[in-house]
Amino acid sequence: MKILVIEDERRLSEVLIDILRQNMHEADAAYDGPSGEDSAMTGVYDAIILDIMLPGKNGVEVLRSIRKQGNATPVLLLTAKSEAEDKINGLDTGADDYLTKPFVSGELLARLRAITRRGSEFIGDELTSGNTSLNKNTHELRGVKGAVKLAAKEYLIMDILMQNSRQIVPKERFIEKIWGYDTDAEYNTIEVYVSFVRKKLAAIGSDLQVKAVRNTGYVLEVKTE
Ligand code: CA
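Throughout what follows, the structure given in this document is the object of discussion.

1. A few points about the overall build of the protein chain
Stage number 1. Scanning the protein chain for helices and strands turns up eight helices and 13 strands.
Stage number 2. Relative to the compact-globule value of 17 Å for 225 residues, the protein chain shows a C-alpha radius of gyration of 19 Å, a close match.
Stage number 3. With the principal axes as the frame, the protein chain shows a C-alpha extent of 50 × 35 × 35 Å.
Stage number 4. A total of 225 residues make up the protein chain; the buried ones form 44% of that total.
Stage number 5. Sequence separation of at least 24 residues holds for 56% of the intrachain contacts in the protein chain that already meet a minimum separation of 6.

2. Digging into the side chain of Thr-73
Stage number 1. Within the secondary structure, Thr-73 sits in the loop between α3 (59-68) and β4 (75-79).
Stage number 2. The class for Thr-73 is buried, based on a relative accessible area of 2%.

3. Some remarks on the nonpolar core
Stage number 1. Of all hydrophobic cores here, the largest spans 24 residues; its most connected members are Met-158, Leu-161, Phe-174 and Val-210.
Stage number 2. Put simply, the parts of the chain that give this core at least two residues each are α6 (152-163), α7 (171-179), α8 (187-203), β12 (208-213) and β13 (217-222).
Stage number 3. The biggest single contributor to this core is α6, with six residues.
Stage number 4. What Met-158 contacts, discounting residues up to four positions off in sequence, is Leu-134, Leu-141, Leu-150, Val-197, Leu-201, Leu-208 and Leu-220.

4. Quick look at the side chain of His-25
Stage number 1. Inspection of the secondary structure assignment puts His-25 in the loop between α1 (10-22) and β2 (26-30).
Stage number 2. With relative accessibility at 18%, the residue His-25 sits in the buried group.
Stage number 3. At 3.3 Å, the side chain of His-25 forms a polar contact with the backbone nitrogen of Met-1.
Stage number 4. Setting aside anything within four residues of it in sequence, one finds His-25 in contact with Met-1, Ile-3, Leu-20 and Leu-109.

5. Topic: the packing of aromatic side chains
Stage number 1. Evaluated as defined, the whole model comprises three aromatic pairs.
Stage number 2. A centroid spacing of 6.0 Å and a plane angle of 75° characterise the contact between Phe-174 and Tyr-218, whose relative ring orientation is edge-to-face. Linking Phe-174 in helix α7 with Tyr-218 in strand β13, this pair joins segments that are 44 residues apart in sequence.
Stage number 3. The exposure class assigned to Phe-174 is buried, which follows from its relative accessible area of 0%.
Stage number 4. Plain terms: the ring middles of Trp-179 and Tyr-193 are 5.9 Å apart, the flat faces sit at 55° to each other, and that makes the pair tilted. Here Trp-179, found in helix α7, pairs with Tyr-193, found in helix α8; they are 14 residues apart in sequence, far enough to count as distant.
Stage number 5. Given a relative accessible area of 22%, Trp-179 falls into the partly exposed group.
Stage number 6. Ring-pair connections join several aromatic residues into one group, and the members of that group are Trp-179, Tyr-193 and Phe-196.
Stage number 7. The ring of Tyr-31 has Arg-10 sitting right over it, with the charged end atom 3.6 Å from the ring centre.

6. What about α3?
Because an α-helix completes one turn every 3.6 residues, residues spaced three or four positions apart along the sequence face the same direction.
Stage number 1. Here α3 has its buried residues at Gly-59, Val-60, Val-62, Leu-63, Ser-65 and Ile-66.
Stage number 2. Buried residues along α3 sit in contact with α2 (33-40), β3 (47-51), β4 and α4 (84-93).
Stage number 3. Two to three positions downstream of the cap, the backbone nitrogen of Val-60 sits 2.9 Å from a side-chain oxygen, assigning the N-cap of α3 to Asn-58.

7. Some details on unusual backbone geometry
Stage number 1. Note that the residue after Lys-101, namely Pro-102, is joined by a cis bond; omega there is -5°.
Stage number 2. Mapped onto the secondary structure, Pro-102 falls in the loop between β5 (97-100) and α5 (105-116).
Stage number 3. Non-glycine residue His-139 carries a positive phi angle of around 60°.
Stage number 4. Residue position: His-139 is located in the loop between β8 (132-135) and β9 (140-143).

8. Remarks on the sheet that holds β13
Stage number 1. Pairing is antiparallel across the open sheet formed by three strands, whose spatial order is β11-β13-β12. At either end of the open sheet lies a strand with only one pairing partner, and these are β11 (169-170) and β12.
Stage number 2. Sheet topology places β12 next to β13; six bridges connect them, and they run antiparallel. Within β13, the residue paired with Leu-208 across the bridge is Val-222.
Stage number 3. Contacting β11, β12 and β13, α6 crosses the sheet at an angle of about 65° to β13.

Cut-offs used in this document
Residues numbered from 1 in each chain as written. Predicted model: local features only at pLDDT ≥ 70, side-chain atom pairs only at ≥ 80, totals over all residues. Heavy atoms only, no water. Helix = DSSP H or I, 4+ residues; strand = E, 2+ residues; numbered from the N terminus. Rg over C-alpha atoms; globule rule 2.2 N^0.38 Å. Buried < 20%, exposed > 50% of the residue type's maximum accessible area, 1.4 Å probe, protein only. Contact = heavy atoms within 4.5 Å. Core = buried A, V, L, I, M, F, W, Y, C linked by side-chain atoms within 4.5 Å. Polar contact = N/O pair within 3.5 Å; in protein donor to acceptor, adjacent residues only side chain to side chain. Phe/Tyr/Trp six-rings, centres within 6.5 Å; stacked < 30°, edge-to-face > 60°. Lys NZ or Arg CZ within 6 Å of the ring centre and 35° of its normal. Pairing = 2+ DSSP bridges. Axes fitted to C-alpha atoms, helices over the stretch in contact; angles between N-to-C directions.

As structure tokens, then:
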């Protein structure tokens, strides 16, 4: 996995990055709120480790801002024991879990595994997310109200979205994967296919929604009620 560490205490940041790299993850560091937010919004990370007390913009503000912009990357908040109220704020704002300092590396890795597991999962030939599954052989999309067969391009769109569940997928990526680099396909072509996919998701009673992220791309999320 590729993980972003937003932590201003250099020593702790180095320890975190070391633990992650030793466990075969890629890790990048940001040392303040604004630059952490910019890195988070690139959408390339599988998870973010976010400290609460940060210069420039605190962790809860960073979290609120990225969620508002449609970024659903799993976030693990780092809190000090004295920050109980911030921790509650953070969870309300959309953090997936928190870890209290000081911590042991095993706990950090276990929590990261837990928060990143909540996306899509492959079981046999089926990719499952929320109450919905996509069969890679039959191209059937199944929800609580039944199943529909997806057309070739609809299937590719849904497959990319489910494999990158909760990540912003840039429109360029759909074009490259579906039409290839050498193509006349335009961004509004994708919008047309995405609208077909949305109709089919609604028809099968899926709890998944394809959200457009302005000027960027799309993100697949499980609706929460
Ligand atoms: Ca700090």
